[in-house]
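# An overview of the molecular structure
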Amino acid sequence: MDIRASIRTFLAGLMRANGYEGELRDDQSLVQAGVLDSLSILMLLAYLNETFGTVLDGDAVDPRLLDSVEAIEAFVRARTLALS
């Protein structure tokens, strides 16, 4: 599974758990759409760490880096490149 598909699968689980029923575009703001809140951002960071090895402290992350599927994918690619 590629990075974007993996992220979308994780977010789909969050959406189901939170009762979100809308469609999600890759460029859509996850915060404005109600998909991500402070707790789900921490869950997303834990998922990214476990899945891609992007070790980060939640306080050190600019929320804009995690505001859309496209932004999350770019963030993961940049972090995994920086770590290699």
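Here, the structure is the one placed above.
Notes on the structure in this doc start here.

## A few points about the packing of aromatic side chains
Enumeration according to the criterion identifies two aromatic pairs in this entry. Look at F10 and Y47: their rings are 4.3 Å apart centre to centre, the planes differ by 15°, and that puts the pair in the stacked class. On the criterion of sequence distance, the pair formed by F10 in helix α1 (residues 3-17) and Y47 in helix α2 (residues 38-52) is long-range, its members being 37 residues apart. Arranged with centres 6.3 Å apart and planes meeting at 90°, the rings of Y47 and F52 form a pair that is edge-to-face. Put simply, the rings of F10, Y47 and F52 pair up and form one aromatic cluster.

## Regarding the nonpolar core
In this structure, I7, L11, L44, L48, L66 and I72 are the most contacted members of the largest nonpolar core, which totals 21 residues. The set of elements that each furnish at least two residues to this core consists of α1, α2 and α3 (69-83). Counting residues per element, this core draws most heavily on α1, at six residues. The residues contacting L48, other than those within four sequence positions of it, are I7, G53, T54, L66, I72, F75 and V76.

## Side note on the pattern of salt bridges
When the charged atoms of two side chains with opposite charge come close together, those side chains can pair. The final tally for this structure, using the stated rule, is six salt bridges. One salt bridge in this structure joins R4 and E73, with 2.5 Å as the shortest N-O distance. With a gap of 69 residues between them, R4 in helix α1 and E73 in helix α3 connect regions that are remote in the sequence. Note that E73 and R77 form a salt bridge whose closest N and O atoms lie 3.1 Å from each other. Pair noted here: E73 and R77 are both in helix α3, with a separation of four residues, about one helical turn. The buried category is assigned to E73, whose relative accessible area is 11%. One connected set of salt bridges, linked through shared partners, spans R4, R8, D26, E73 and R77.

## As for the side chain of T54
Locating T54 in the fold gives a position in the loop between α2 and α3. Looking at T54, its side chain comes within polar contact range of the main-chain oxygen of L48, at 3.2 Å.

Rules of the game
- Residues numbered from 1 in each chain as written.
- Predicted model: local features only at pLDDT ≥ 70, side-chain atom pairs only at ≥ 80, totals over all residues.
- Heavy atoms only, no water.
- Phe/Tyr/Trp six-rings, centres within 6.5 Å; stacked < 30°, edge-to-face > 60°.
- Helix = DSSP H or I, 4+ residues; strand = E, 2+ residues; numbered from the N terminus.
- Core = buried A, V, L, I, M, F, W, Y, C linked by side-chain atoms within 4.5 Å.
- Buried < 20%, exposed > 50% of the residue type's maximum accessible area, 1.4 Å probe, protein only.
- Contact = heavy atoms within 4.5 Å.
- Salt bridge = Lys/Arg side-chain N within 4 Å of Asp/Glu carboxyl O.
- Polar contact = N/O pair within 3.5 Å; in protein donor to acceptor, adjacent residues only side chain to side chain.

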